[in-house]
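# A structural walkthrough
In case you want the letters, here they are:
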Amino acid sequence: MSVKLLYFAWVRERIGKGEEVVDLPAGVATVADLMTWLAGRGEEYAFAFENPKVIRAAINRTHVKPNAVIAGAKEVAFFPPMTGG
Amino acid sequence: MPVTIRLQSEDFDAAAEAASLTRGRTDIGAVVTFSGICRGSEAGAPVAAMTLEHYPGMAEAEIARHVEEAEARWPLFGVTIIHRYGRMVPGDNIVLVVTAASHRGDAFAAAEFLMDYLKTRAPFWKQEERPDGTAWVDAKATDDSAADRWAKPRQAADPRHAAE
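### What to know about the overall build of chain A
When you go through chain A residue by residue, the secondary structure sums to three helices and five strands. In chain A, the succession of helices and strands from N to C terminus is β-α-β-α-α-β-β-β. Relative to the compact-globule value of 12 Å for 85 residues, chain A shows a C-alpha radius of gyration of 12 Å, a close match. Here the C-alpha coordinates of chain A stretch approximately 35 × 30 × 20 Å along the principal axes. Going through the 85 residues of chain A one by one, you find that 47% of them count as buried. With an accessible surface of roughly 4,100 Å², chain A has 52% of that area assigned to carbon and sulfur atoms. Averaging the locations of the 10 positively and 9 negatively charged side chains of chain A gives two centres separated by 8 Å.

The structure is reproduced here in structure tokens:
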């Protein structure tokens with residue numbers, strides 16, 4: 001399954017890009033699985049996802065929890081806790 | 001209910017936005033206007049400027065969801081939310097929330113609710129320019145608890161409405 005990934009704020013800076021399209025291997029079912037898989041893709045990803053508990057995620061532009069299933073997702077985003085307003 | 005949600009790099013005019021919400025209406029008895037402004041210091045340290053990053057598409061959608069939630073909770077006659085992105089210097093406007101209702105209690109509560117959710121749920125991130133370099137602003141636990149109180153039953157969350 002191919003999915004578009006988006007990164008924001010320091011997650012984007014650590015990875016070194018704002019977006020990419022990846023082919024997910026079998027076994028990557030949830031947002032938490034995806035973070036674990038991404039963390040293994042290189043030291044910049046490992047740095048971005050070194051503390052997955054603080055990373056927030058959205059699927060198709062809606063906030064989700066780490067146990068959310070990503071099957072059917074067009075767009076998955078990872079970012080730090082929000083600081084707008 | 002008229003709803004305006006805008007994300008823009010340009011400045012906004014709070015008075016003009018409030019006026020456009022009430023123009024020609026005689027049912028509105030209360031308008032609350034909240035402006036968030038870029039501060040020149042944070043915890044005693046100077047801030048030269050800040051840059052706001054956002055998630056285009058999701059930011060609008062998330063704000064719209066919270067406006068719908070506010071409309072379901074309070075009898076509102078209009079909401080305008082403008083959130084700027086890009087680089088801002090101290091004194092610049094960052095965010096505007098305008099709520100209109102028959103009575104002030106509903107307008108105040110809805111504006112506070114919307115701001116609390118904007119700070120913790122709308123996908124925006126602030127980066128500050130400090131004397132020792134740029135740094136992403138950490139989320140504040142006090143902002144989370146401010147938003148959490150709205151998750152409780154309404155009367156417990158907002159005692160001002162208990163006697164109405």
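### Details of the interface of chain A and chain B
Of the residues lining the interface, 19 residues belong to chain A; the matching set on chain B comes to 27 residues. Interface area for chain A against chain B, summed over the two sides, is near 1,900 Å², with a carbon-plus-sulfur share of 56%. When residues of chain A are sorted by the area they lose upon contact with chain B, A:Arg61, A:Thr83 and A:Gly85 head the list and together hold 36% of the total. On the surface where chain A and chain B come into contact, there are one salt bridge. One salt bridge in this structure joins A:Arg12 and B:Glu53, with 2.5 Å as the shortest N-O distance.

### Some points on helix 2 (residues 31–39) of chain A
The α-helix advances 3.6 residues per turn, and as a result positions three or four apart in sequence lie on the same side. Residues and elements named next belong to chain A. Of the positions making up helix 2, those classed as buried are Val31, Leu34, Met35 and Leu38. For helix 2, the angular spread of the buried residues around the axis is 100 degrees, confining them to a single face. Against strand 1 (2–7), helix 3 (43–48), strand 3 (56–59), strand 4 (62–64) and strand 5 (75–79) lie the buried residues of helix 2.

### Here's the deal with the layout of surface pockets
To find leftover empty space, a probe the size of one water molecule is rolled over the atoms. Size it by volume and the largest pocket reaches roughly 390 Å³. Taken together, 27 residues form the lining of the largest pocket, with A:Gly85, B:Arg39, B:Lys119, B:Lys126 and B:Lys140 sitting closest to its centre. The class makeup of the residues in the lining of the largest pocket is 11 nonpolar, six polar and 10 charged. In this structure, the second largest pocket occupies an estimated 280 Å³ of space. Along the walls of the second largest pocket sit 13 residues, with A:Arg56, A:Ala57, A:Val64, A:Lys65 and A:Pro66 positioned nearest its centre. Contributing elements (two or more residues each) for the lining of the second largest pocket: helix 2, strand 3 and strand 4 of chain A. Class assignment for the residues of the lining of the second largest pocket results in eight nonpolar, one polar and four charged.

### What to know about the sheet that holds strand 10 (residues 133–136) of chain B
All names here are of chain B. One open sheet accounts for four strands, arranged 7-5-9-10; its pairing is antiparallel. Here the strands that pair on one side only, and so sit at the sheet edges, are strand 7 (86–88) and strand 10. Neighbour-to-neighbour, the strand axes of the sheet open up by a mean angle of 25 degrees, direction not taken into account. Alignment of strand 5 (residues 49–54) against strand 9 (residues 124–130), held across six bridges, turns out to be antiparallel. Pairing of Leu52 across the sheet is with Lys126, part of strand 9.

### Overview of the pattern of salt bridges
Applying the stated criterion to the full structure yields 18 salt bridges over all chains. Between B:Glu17 and B:Arg6 there is a salt bridge, and its shortest N-O distance comes to 2.9 Å. Within this pair, whereas B:Glu17 is found in helix 1 (residues 14–22), its partner B:Arg6 is found in strand 1 (residues 3–8), the two being separated by 11 residues in sequence. The buried category is assigned to B:Glu17, whose relative accessible area is 13%. Note that B:Arg149 is salt-bridged to B:Glu112, the shortest N-O span being 3.3 Å. Here the residue B:Arg149 occupies a position in the loop between helix 4 (141–148) and helix 5 (154–157), and B:Glu112 occupies one in helix 3 (residues 104–121), the gap between them amounting to 37 residues. Through salt bridges with shared partners, one network takes in A:Lys17, A:Glu20 and A:Arg41.

### What about the sheet that holds strand 8 (residues 93–101) of chain B?
Within a sheet, neighbouring strands are paired by backbone hydrogen bonds and run either parallel or antiparallel to one another. All names here are of chain B. Within the open sheet, the four strands sit side by side as 1-6-8-2. Their pairing is mixed. Two strands bound the open sheet, and with one partner strand each, they are strand 1 and strand 2 (30–37). Ignoring which end each strand starts from, the neighbouring axes of this sheet average 5 degrees apart. Each of strand 1 and strand 6 (76–84) is contacted by helix 2 (residues 58–73), which is oriented at about 155 degrees to strand 1, the strand it contacts most. Strand contacts of helix 3: strand 2, strand 6 and strand 8, with the helix running at about 145 degrees to strand 8, the strand carrying the most contacts.

Rules behind the numbers
Residues numbered from 1 in each chain as written. Chains lettered and ligands numbered in written order. Predicted model: local features only at pLDDT ≥ 70, side-chain atom pairs only at ≥ 80, totals over all residues. Heavy atoms only, no water. Helix = DSSP H or I, 4+ residues; strand = E, 2+ residues; numbered from the N terminus. Rg over C-alpha atoms; globule rule 2.2 N^0.38 Å. Buried < 20%, exposed > 50% of the residue type's maximum accessible area, 1.4 Å probe, protein only. Areas by Shrake-Rupley, 256 points an atom, 1.4 Å probe, with all protein chains shown as cover. Lys, Arg positive; Asp, Glu negative; His and termini not counted. Charge placed at Lys NZ, Arg CZ, Asp CG, Glu CD. Contact = heavy atoms within 4.5 Å. Buried area = accessible area lost by both parts, 1.4 Å probe. Salt bridge = Lys/Arg side-chain N within 4 Å of Asp/Glu carboxyl O. Arc of directions from axis to C-beta. 1 Å grid on protein atoms, 1.4 Å probe; cavity = no way out; pocket = protein on both sides within 12 Å on 5 of 7 lines; lining within 4 Å. Points joined across faces, edges and corners; volume = space filled by probe spheres on them. Nonpolar A, V, L, I, M, F, W, Y, C, P; charged D, E, K, R; others polar. Pairing = 2+ DSSP bridges. Axes fitted to C-alpha atoms, helices over the stretch in contact; angles between N-to-C directions.

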